[in-house]
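The residues making up each chain are set out below.
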Amino acid sequence: MKDDVVTIGLRARTGRVIAVVLGGPIDSPQVISKFEIKLADPKVPATSQPYHEVMDLPWAESQLAVRKSAAAIEAIARKTLAGLIKELQSHGLKVYGAGIVGARDRDLARIGNYHIRAHAAEGLLFRRVLDLAADANGLKRRTFPDRDLDQIATTELGLQSAILKRKLNDLGRLLDAPWRADEKQAATAAWLVLHRR
């Protein structure tokens, strides 16, 4: 693998995304950069928690009511990812693809509690806009359910869970804080995409 090829790991959160860029050898990648990206427009408060804004509406109506906010969030994600790719390319790096970690697709209509459903819907929305942004920017993309990521990683990377955890901890040793679970999940997703190259 060439040293100038990198992958981007994105951990979706409501209103933001944790990004980790990895490069280097497949068996021992290195973090090129890490940061947090805001996906909400401060001028449009509904973009930070769009389903909370309409959670008292019946589910079908709330889905219609968030369309404008969802489109704004998607535009922010697409533009931000395009800017990141351009920045990496300006340093002579080739972005191969993106690994996205977030909520698993599920039938939200089955969630009876409006507040819990709003949180679940936002988790899904913010992950989906990253999927769409990666596609719009021509990246090879893999999407991983957050709860299954460790099992997928140990299987595909051929590492025992304890060794994977140690390697992920080691990745963050030379970086400025934070290096939390979110950053580690983003790094894992980037590594899985790098590994599939």
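For the structure itself, look to the data block above.
So, here's what we can say about the structure.

1. Structural notes on the overall build of the chain
If you tally the helices and strands in the chain, you get seven helices and five strands. Along the chain direction, N to C, the helices and strands of the chain fall in the order β-β-β-α-α-α-β-α-β-α-α-α. In terms of C-alpha radius of gyration, the chain reaches 17 Å, essentially the compact-globule figure of 16 Å for 197 residues. If one aligns the C-alpha atoms of the chain with their principal axes, the spans along those axes are about 50 × 35 × 30 Å. Per-residue burial for the chain yields a buried fraction of 45% across its 197 residues. Look at the contacts in the chain between residues 6 or more apart in sequence, and 67% of them connect residues 24 or more apart. Just so you have it, the chain exposes about 10300 Å², and 50% of that area is on carbon and sulfur atoms.

2. Concerning the nonpolar core
The tendency in soluble globular proteins is for nonpolar side chains to be buried as a group. Membership of the largest hydrophobic core comes to 37 residues, with the highest contact counts inside it found for Ile8, Leu10, Leu39, Leu81, Leu88 and Leu130. Listing elements by their share of this core, those giving two or more residues are strand E1 (5-13), strand E2 (16-23), helix H3 (67-90), strand E4 (94-102) and helix H4 (114-136). Residue contributions to this core peak at 10 residues, all from H4. Excluding residues that lie within four positions of it along the chain, Leu130 makes contacts with Leu10, Ala12, Val17, Leu39, Ala77 and Ile100. If you look at the next biggest cluster of nonpolar residues, it comprises 19 residues, including Phe144, Leu149, Ala153 and Leu168.

3. Points about empty space enclosed by the protein
A complete count under the given rule lists two cavities of 30 Å³ or more for this structure. Reported here for the largest cavity is a volume of approximately 50 Å³. The wall of the largest cavity is formed by Leu10, Val17, Ile37, Leu39, Ala77, Thr80, Leu81, Leu130 and Ala133. Secondary structure elements with two or more residues in the lining of the largest cavity: H3 and H4. Sort the elements by how many residues they give to the lining of the largest cavity and H3 lands first, with three residues.

4. Focus: the side chain of Asp182
Within the secondary structure, Asp182 sits in helix H7 (residues 181-196). Ignoring anything within four residues of it in the chain, the contact list for Asp182 reads Arg11, Arg13, Arg16 and Ile18.

5. As for the packing of aromatic side chains
Evaluation of the coordinates by the stated rule reveals one aromatic pair. Relative to Trp59, the ring of Tyr51 has its centre 5.6 Å away and its plane inclined at 25 degrees; by these criteria the two rings are stacked. By the burial criterion, Tyr51 is buried, and Trp59 matches it.

6. A look at the pattern of salt bridges
Per the counting criterion, the structure on display carries 16 salt bridges. Among the ionic pairs, Asp4 bridges to Lys94, the shortest N-O distance being 3.6 Å. In this pair, Asp4 sits in the segment before E1 while Lys94 sits in strand E4, placing the two residues 90 residues apart along the sequence. Residue class for Asp4 comes out partly exposed when judged on its relative accessible area of 21%.

7. Here we look at the packing of helix H6 (residues 161-171) against H7
At a closest axis distance of 10 Å, the pairing of H6 and H7 adopts a crossing angle of 105 degrees. Taken together, H6 and H7 sit at an angle that is classed as roughly perpendicular. Only Lys184, Ala187, Thr188 and Trp191 of H7 make contact with H6, whose side of the interface consists of Leu164, Lys167, Leu168, Asn169 and Leu171. Broken down by class, the residue content of the contact of H6 with H7 amounts to five nonpolar, two polar and two charged.

Cut-offs and rules
- Residues numbered from 1 in each chain as written.
- Predicted model: local features only at pLDDT ≥ 70, side-chain atom pairs only at ≥ 80, totals over all residues.
- Heavy atoms only, no water.
- Helix = DSSP H or I, 4+ residues; strand = E, 2+ residues; numbered from the N terminus.
- Rg over C-alpha atoms; globule rule 2.2 N^0.38 Å.
- Buried < 20%, exposed > 50% of the residue type's maximum accessible area, 1.4 Å probe, protein only.
- Contact = heavy atoms within 4.5 Å.
- Areas by Shrake-Rupley, 256 points an atom, 1.4 Å probe, with all protein chains shown as cover.
- Core = buried A, V, L, I, M, F, W, Y, C linked by side-chain atoms within 4.5 Å.
- 1 Å grid on protein atoms, 1.4 Å probe; cavity = no way out; pocket = protein on both sides within 12 Å on 5 of 7 lines; lining within 4 Å.
- Points joined across faces, edges and corners; volume = space filled by probe spheres on them.
- Phe/Tyr/Trp six-rings, centres within 6.5 Å; stacked < 30°, edge-to-face > 60°.
- Salt bridge = Lys/Arg side-chain N within 4 Å of Asp/Glu carboxyl O.
- Axes fitted to C-alpha atoms, helices over the stretch in contact; angles between N-to-C directions.
- Parallel < 35°, antiparallel > 145°, perpendicular 65-115°, else oblique.
- Nonpolar A, V, L, I, M, F, W, Y, C, P; charged D, E, K, R; others polar.

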